[in-house]
Each structure stands twice: as C-alpha cells, then as structure tokens.
Amino acid sequence: MSGNGNAAATAVSAEPVTSTLWASGRAVQQLAPGCHPQSLLEENSPKMRVIRVGTRKSQLARIQTDSVVATLKALYPGLQFEIIAMSTTGDKILDTALSKIGEKSLFTKELEHALEKNEVDLVVHSLKDLPTVLPPGFTIGAICKRENPHDAVVFHPKFVGKTLETLPEKSVVGTSSLRRAAQLQRKFSHLEFRSIRGNLNTRLRKLDEQQEFSAIILATAGLQRMGWHNRVGQILHPEECMYAVGQGALGVEVRAKDQDILDLVGVLHDPETLLRCIAERAFLRHLEGGCSVPVAVHTAMKDGQLYLTGGVWSLDGSDSIQDTMQATIHVPAQHEDGPEDDPQLVGITARNIPRGPQLAAQNLGISLANLLLSKGAKNILDVARQLNDAH
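If you're wondering where the values come from, they're calculated on a predicted model, not measured in any experiment.

Overview of the overall build of the chain
Secondary structure assignment for the chain yields 11 helices and 15 strands. With 391 residues in all, the chain has 54% of them scored as buried. Sequence separation of 24 or more characterises 72% of the internal contacts of the chain that already satisfy a separation of 6 or more.

In structure tokens form, the structure reads like this:
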C-alpha cells in the first residue's frame, strides 16, 4: 500500500517492553514492583474492593468481557471482579435497521448510565460501538489488542464452498451495515443485499433455518471469539470491503475522573492497536460520520510507518472517494507519564503511552479526512444521510 500524501507526524523512539505477562491469550505488560493498586483497598478493611464490570447480555459480549476480566485477574490476583450484564437499546429494537434508529449510543447508553450512577466501575465494549465523541465524564481507559478486523462471509449450508463472486445471480446476502452493503454492491453487482438484525446467534439461525439468505456478512473477530471458525467461508480483503472504525478491538470505558480505575485498566492498552484506532476514530470524527453513512477504513503499521486508508460511499456504492496517507510513528513501549490537563484524544485516555505518537496518529486521521473532504466527500455523505433518513 503506497501513501498518496504525508500527514504531519512526530517520530518517537520506542523502548523495548522488558516484562510481559501472557494472560487470556494476549501479551500484556506486567506491572512494575510497587505498582499494585493499593488505593483500591477498602478503607479500614483488609479486603480488596470488588470491581464491578458492565457488559451487554449477548453471548459474544459476555465472552469478550470474560476475556478482559481474566486478564485483569491475572494482573491483579488480589482483586475481586463482579460482572453485571444488561440489555441496551440496540439489543431491544430488532425490527429496524441500525442506521434508521437515529441514536448514536445504541449499544452503550444503558451501560454508560450505570457507569454514571456508580453501579459499575468499568464497561467492556466492542470499540466500533463507541461513538468518537463520548458523553461528558466518560473516557476509554484501555484498548485491548485487536483481533482480525476484517469482515467474513458465512454461507447457507447449501452454498458452502462458494464465494460471493460465485454465488448465483440475485442471491440475497444479509448485512446490518450500510458500510458493508455499499462496498459489496459496487463489487458484486449480481447480488442483492438486505438488512438482517439480531445478535450473532440469531443471525446465524436466520441464515441456516430460513431460505431467505444465501449468505450473511459478519465481523471475523466476533466469529473467532465465539469459537465458530468453521463457519467462516470467506474473509473479505480491503480491496473488497474495508472495515469499520475500531472493528476487532475491545474498548474499556470508565469514568474520566476515576483515577484508580484508569490506572487499573491502563495496562491493557495495546500500543499498536491504540495508535491505529486513534487514527481511525480521528478520521471518522472529522468526517462527522456514523452508522447512518457508509464510511470505512484500513490501517497497517509497517517499518515505523502508520498507513491509513479511508473511504466514503453513496448508499448504493455507485459513488465513492478513497485515499491513503501515512505518517512516521514508532510503536512505543508503555511508560509512566505525568498527568495531562486534557489527556483524551478522540475519547481515549492513555497516559502510559507517549503522547507524541498519539498526536501523530490523530493528525493522520484528520489529514486524511480533510483530503477526502477536499475531493467532495461531504456531498456524498450528505446525500447518503438524506436518502437513509427518507427510507
């Protein structure tokens, strides 16, 4: 992938991470001696405070939350964790396409309400569900190592072995995403795309038990976390379908002023994933995109360069603008950093990651958004919003 422009960036030398702990399948930096969160001890009590973790009720959400809690338990064996599951607006409204509901916090609002009322201490989300502008008082305190961010095709049993290209003419493909539908309609014009809602279990059941869909499009990461690797019939490459901002990564949302919990979860930050997702979120935020318009990205870190490809599409995929930019950003080791007056970047707080690379990643996202806007992206997005609202 070659860059078509250069975003302003700061080169920062990386120090090697010397102490690593493997937990829940991931490498995370081990705490230095003396860094145990003693402030989380209950006053006048020898017992550790119980850390309450909020999550959605779906099986996938629970698996994702369990993996984060397992990592935290390995890092902080003295702490106790309680998982509190709840339903969100997006879980309850299943007869309407996500892009039509008109609510930015479909899968986060109820969880944030519990966080605000101090009913939970942290919440585990799929990062792609978190808006680029969070409500006041909240921040993303950790972004965990990203799984495969690409989209996958799951085929009806009678079409196993096929690809989207070899599906019969007029085959119906299910997706709840405008982003996926716009890109794939452009690439596979012989197919029809229809909305399909529900959690992963529900959508797979609709595919297998009904005859409406020949295939459905899902996030590869979700299928892998559920242990359903055998259902992945095709993984879509960026040339076929770029992915959603933050897809494949987990975000841990906390109260912005809760320094104890920020310190607790901050060690979960994966530096490369963090920088890629800052660039992606800055791109989306500057475009003022969301789930009601088709916006997609692809990022890669190679030889000290962060590459960001972004695109916008009309709803039917017939019109699009895409481009790539790059910035020199060395993936840093975690380090102890002093407090910042305003540490958040696109809703993320990462005090233990050097500030320079974070700013460079944000600038890259903004620069690419400006490039696309200069080429007419605003008009494509405005028309897409109007058409989406009208239908």
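So much for the structure itself; the text now carries on.
A short note on the sheet that holds strand E11 (residues 234-235)
One open sheet accounts for five strands, arranged E9-E8-E10-E7-E11; its pairing is mixed. Across the chains shown, the open sheet's two edge strands, defined by having one partner strand only, are strand E9 (192-194) and E11. Two elements, strand E7 (residues 151-155) and strand E10 (residues 215-219), share five bridges in a ladder whose sense is antiparallel. Along E10, the bridge assignment pairs alanine 152 with leucine 218. Contacts between helix H5 (residues 178-187) and the sheet are confined to E7, E9 and E10, with E10 contributing the most and set at about 125° to the helix. The strands touched by helix H6 (residues 200-209) within the sheet are E7 and E10, with E10 carrying the most contacts at an inclination of about 165°.

Let's talk about the sheet that holds strand E15 (residues 320-328)
Ordered in space as E13-E14-E15, the three strands form an open sheet in which the pairing is antiparallel. Strands with a single pairing partner mark the edges of an open sheet, and in this sheet they are strand E13 (295-302) and E15. Going across the sheet, the axis of each strand differs from the next one's by a mean of 15°, ignoring polarity. Where E13 lies against strand E14 (residues 305-313), eight bridges are found, and the strand directions are antiparallel. Looking at the pairing, threonine 299 lines up with leucine 308 of E14. Running over the sheet, helix H9 (residues 271-287) touches E13 and E14 and is turned about 150° from E13.

A closer look at H5
It helps to recall that an α-helix has 3.6 residues per turn; residues three or four apart then point in one direction. With seven of 10 residues buried, H5 is to be regarded as a mostly interior element. Among the residues making up H5, those that are buried are Leu178, Arg179, Arg180, Ala181, Ala182, Gln183 and Leu184.

Considerations on the pattern of salt bridges
Under the criterion given, the structure shown has 16 salt bridges. In this structure, the salt-bridge partner of arginine 194 is glutamate 212, at a minimum N-O distance of 3.5 Å. One end of the pair, arginine 194, is in strand E9; the other, glutamate 212, is in the loop between H6 and E10, with 18 residues separating them in the sequence. Taken together, the shared-partner salt bridges connect Arg49, Arg52, Asp121, Arg255 and Asp258 into one network.

Focus on the confidence of the model for the chain
As a general rule, the predicted coordinates of low-pLDDT regions are not to be interpreted in detail. On average, residues of the chain score 84 in pLDDT, and 80% of them are at 70 or above. For the stretch residues 41-46, pLDDT sits under 50, and the model shows six contacts to residues farther than four places along the chain or on other chains. Considering only residues more than four positions removed or in separate chains, one finds that residues 90-106, a stretch of pLDDT under 50, has 35 contacts.

Here we look at unusual backbone geometry
Phi is positive for asparagine 118, which is not a glycine, with a value near 65°. Take asparagine 118: it is sitting in the loop between helix H4 (109-116) and strand E5 (122-126). Of note, the phi angle at aspartate 303 is positive, near 50°, even though the residue is not glycine. Assignment of secondary structure puts aspartate 303 in the loop between E13 and E14. With a relative accessible area of 72%, aspartate 303 lands in the exposed category.

Brief notes about the nonpolar core
By size, the foremost hydrophobic cluster in this structure holds 42 residues, and its most contacted members are Ile143, Phe283, Leu287, Val295 and Val312. Those elements giving two or more residues to this core turn out to be strand E6 (138-143), H9, E13, E14, E15, helix H10 (355-374) and helix H11 (377-390). Considering every element that reaches this core, the biggest residue donor is H9, with nine residues. With residues up to four places along the chain from it excluded, the contact list for leucine 287 reads Val295, Val312, Ala369, Leu373, Ala377, Leu381 and Arg385.

Quick notes on the pairing of E15
Of all nine residues making up E15, seven are buried, and the element is well covered by its neighbours. Pairing of E14 with E15, which is carried by nine bridges, proceeds in the antiparallel orientation. Bridging across to E15, valine 312 finds its partner in isoleucine 321. Joining the antiparallel neighbours E14 and E15 is a turn of six residues, in which glycine 317 adopts a positive phi near 80°.

Considerations on H9
Taking 1.5 Å per residue as the helical rise, H9 with its 17 residues ought to reach 24 Å, and the 24 Å between its terminal C-alpha atoms agrees with that figure. Counting buried positions along H9 yields 14 of 17 residues, so the element is predominantly enclosed. The positive-phi residue at the C-terminal boundary of H9 is glutamate 288, with phi of around 60°.

Conventions and cut-offs
- Residues numbered from 1 in each chain as written.
- Predicted model: local features only at pLDDT ≥ 70, side-chain atom pairs only at ≥ 80, totals over all residues.
- Heavy atoms only, no water.
- Helix = DSSP H or I, 4+ residues; strand = E, 2+ residues; numbered from the N terminus.
- Buried < 20%, exposed > 50% of the residue type's maximum accessible area, 1.4 Å probe, protein only.
- Contact = heavy atoms within 4.5 Å.
- Pairing = 2+ DSSP bridges.
- Axes fitted to C-alpha atoms, helices over the stretch in contact; angles between N-to-C directions.
- Salt bridge = Lys/Arg side-chain N within 4 Å of Asp/Glu carboxyl O.
- pLDDT = per-residue confidence, 0-100.
- Core = buried A, V, L, I, M, F, W, Y, C linked by side-chain atoms within 4.5 Å.
- Expected span 1.5 Å × (residues − 1).

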